[in-house]
Amino acid sequence: MGILRKWSKEILLLAMAIVFLSPIYIIFVNSFKNRRELYENTLAPPTEFTLEFYEGAMARMDFFNAFLNSMYVTVVSVIFIVILSSMTAWMLARNANWISTVIFMTLIATMLIPFQTIMMPLMQLVTGITRSTGIPLYNSLSGLIFMNVGFNAALSVFLYHGFVKSIPISLEEAATIDGASKLGVFWRVVFPILTPITATVMILNVILIWNDFLLPSLTLIDKELRTIPLSVFYFFGEFTIEWNMAMAGLTLTIIPVVIFYMISQKYIIKGIGEGAVK
């Protein structure tokens, strides 16, 4: 009976894996097919593996420019999020008073507000600031980075806050006695201990920012500023008939995220397990 139960679980897991992975399989195999093969049998493997459609998709999507834009926005945004969120969480955790509590609870409350409810007022505010002051918040990668930091800070502070509370304050007191400044205590003592949760914060924000479509679609107008999700969107809008080339474009978009997640997934589990629940 135990063996039967074990095999039934294995079969169920295999069936679920097939269901969840089937869209990726369909995208991948059809990215190598010509139009006749694609319409004859969507599920069959291609008769010939060729990079012709990938080359065409890269040219039409301006893939390398979009990739560099996404890389720049993601890396710079994550760096600012890690630095500012870790310092904020540390100060809120170490200053146990009602002001810190109100600030922390306000940050947590902002996580419950859907972005769709504030996106139009946000765009009016951003365009108004850009026109009146000349600060490039609208239709610029720097403006997108600024908004990414703001929208992703709350979750990052929440994760850091739980981890900071588990660090013995005696370590910081000892560093202070040795003559370390406030910033020295944080960067030399606290921040190195935050490495597991920092990895988690970086991974989660990389995935969120890299895959984000809505915010870039609202803030970026010029073609040369498009990120990967935007380039895929406009690719479908202009070349919807050539599905094999569209599938190649989607595969190119998925590959970086899959590689990054496969390399770093263990840090997500470790960081959340050690920090977020403390």
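Residues numbered from 1 in each chain as written. Predicted model: local features only at pLDDT ≥ 70, side-chain atom pairs only at ≥ 80, totals over all residues. Heavy atoms only, no water.

Caption draft 1: Representation of the confidence of the model for the chain in the model. On average, residues of the chain score 84 in pLDDT, and 93% of them are at 70 or above. Across the chain, the element-wise mean pLDDT spans from 73 in helix H13 (residues 243–276) up to 92 in helix H4 (residues 63–94). (pLDDT = per-residue confidence, 0-100. Helix = DSSP H or I, 4+ residues; strand = E, 2+ residues; numbered from the N terminus.)

Caption draft 2: How the structure looks around the layout of surface pockets. Its boundaries defined by the atoms lining it, the largest pocket holds a volume of some 600 Å³. Taken together, 19 residues make up the lining of the largest pocket; nearest its centre are Thr110, Ile113, Phe115, Phe151 and Asn152. Those elements giving two or more residues to the lining of the largest pocket turn out to be helix H5 (98–110), helix H7 (141–164), helix H10 (195–211) and helix H11 (214–219). Counting residues per element, the lining of the largest pocket draws most heavily on H7, at six residues. Considered class by class, the residues forming the lining of the largest pocket number 13 nonpolar, five polar and one charged. Counted as a void, the second largest pocket has a volume near 260 Å³. Those elements that provide at least two residues to the lining of the second largest pocket are H4, H10 and H13. (1 Å grid on protein atoms, 1.4 Å probe; cavity = no way out; pocket = protein on both sides within 12 Å on 5 of 7 lines; lining within 4 Å. Points joined across faces, edges and corners; volume = space filled by probe spheres on them. Nonpolar A, V, L, I, M, F, W, Y, C, P; charged D, E, K, R; others polar.)

Caption draft 3: Here's a closer look at the packing of aromatic side chains. One pass over the structure, following the stated rule, counts 12 aromatic pairs. Between Phe32 and Phe49, the aromatic rings sit 5.0 Å apart at their centres with planes inclined by 65 degrees, giving edge-to-face as the arrangement. Of this pair, Phe32 sits in the loop between helix H1 (2–30) and helix H2 (35–40) while Phe49 sits in the loop between H2 and helix H3 (52–61); the two residues are 17 residues apart in sequence, bridging distant segments of the chain. The buried category is assigned to Phe32, whose relative accessible area is 9%. The interplanar angle of 50 degrees and the centroid separation of 5.1 Å between the aromatic rings of Phe213 and Phe233 together place this pair among those described as tilted. Highlighted residues: Phe213 in the loop between H10 and H11 and Phe233 in helix H12 (residues 228–238), separated in sequence by 20 residues. (Phe/Tyr/Trp six-rings, centres within 6.5 Å; stacked < 30°, edge-to-face > 60°. Buried < 20%, exposed > 50% of the residue type's maximum accessible area, 1.4 Å probe, protein only.)

Caption draft 4: Representation of the pattern of salt bridges. Scanning all chains against the criterion turns up one salt bridge. The residue Glu172 makes a salt bridge to Arg94 at a minimum N-O spacing of 2.8 Å. Here the residue Glu172 occupies a position in helix H8 (residues 169–177), and Arg94 occupies one in helix H4, the gap between them amounting to 78 residues. Accessibility expressed as a relative area gives 7% for Glu172, which makes it buried. Taking the relative accessible area as the measure of exposure, Arg94 reaches 22% and is therefore partly exposed. (Salt bridge = Lys/Arg side-chain N within 4 Å of Asp/Glu carboxyl O.)

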